[in-house]
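Working through the structure, step by step
Listed here are the chains, written in short residue letters.
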Amino acid sequence: MNMMTGQPAPAFDLPASGGGRVSLAALQDRIVVLYFYPKDLTSGCTTEAENFRDLHDDFLAAGAVVLGVSRDSVRKHDQFVEKHSLPFPLLSDEETGSLCEAYGVWVEKSMYGRKYMGIDRSTFLIAPGGEIAREWRKVKVPGHAAAVLEAVRQISA
């Protein structure tokens, strides 16, 4: 299930940092940057979140909404948002992991020979109307948020 570009984005309605919920249906007319990351408050995930944070005004100016997703709890997300002044919501896929499954980012990983299930750092660019315009898998953090912003600008141009 790896190539999703051109397909309708799997719908979601999840609890978010700061209380409340965020659904794809409510964002139908917006460009949505949906980025999946392994864990709150870890070094790579913090750097990635800060990169999206630092470019957030540019994403907004280009008509895009940025949403981060992990399997962490809303409480943990709130700590992450507060500690790093994140201006966008983090969605919690803690209960079932169904969103991670739907986007094909819940995968077997390996560290020091130990196999475990985890989130493959990935980003999906959802065009207005709900189709996946671009996808990035096995994301390397440096320069990623800027590359996503460039793709957003191409869609919104």
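Residues numbered from 1 in each chain as written. Predicted model: local features only at pLDDT ≥ 70, side-chain atom pairs only at ≥ 80, totals over all residues. Heavy atoms only, no water.

- Taking an unreviewed UniProt entry as the reference, the protein is identified by name as thioredoxin-dependent peroxiredoxin belonging to Haematospirillum jordaniae.
- Within the UniProt record for the protein, the comment given under Function (unreviewed entry) is "Thiol-specific peroxidase that catalyzes the reduction of hydrogen peroxide and organic hydroperoxides to water and alcohols, respectively. Plays a role in cell protection against oxidative stress by detoxifying peroxides and as sensor of hydrogen peroxide-mediated signaling events." (UniProt positions renumbered as here; feature names shortened; annotations may be inferred.)

1. Quick look at the pairing of strand β6 (residues 106-111)
- Inspection of the sheet shows β6 paired to strand β7 (residues 114-119) by six bridges, in the antiparallel sense. Across the sheet, V107 pairs through a bridge with G118, a residue of β7. (Pairing = 2+ DSSP bridges. Helix = DSSP H or I, 4+ residues; strand = E, 2+ residues; numbered from the N terminus.)

2. Some thoughts on the sheet that holds strand β8 (residues 122-126)
- The five strands are arranged β5-β4-β3-β8-β9 in an open sheet whose pairing can be described as mixed. Both edges of this open sheet fall to β5 (90-92) and β9 (132-136), since each of them pairs with a single strand only. Between one strand axis and the next, the sheet turns by 20° as a mean value, whatever way the strands run.
- Where strand β3 (residues 31-36) and β8 come together, five bridges link them in antiparallel fashion. (Axes fitted to C-alpha atoms, helices over the stretch in contact; angles between N-to-C directions.)

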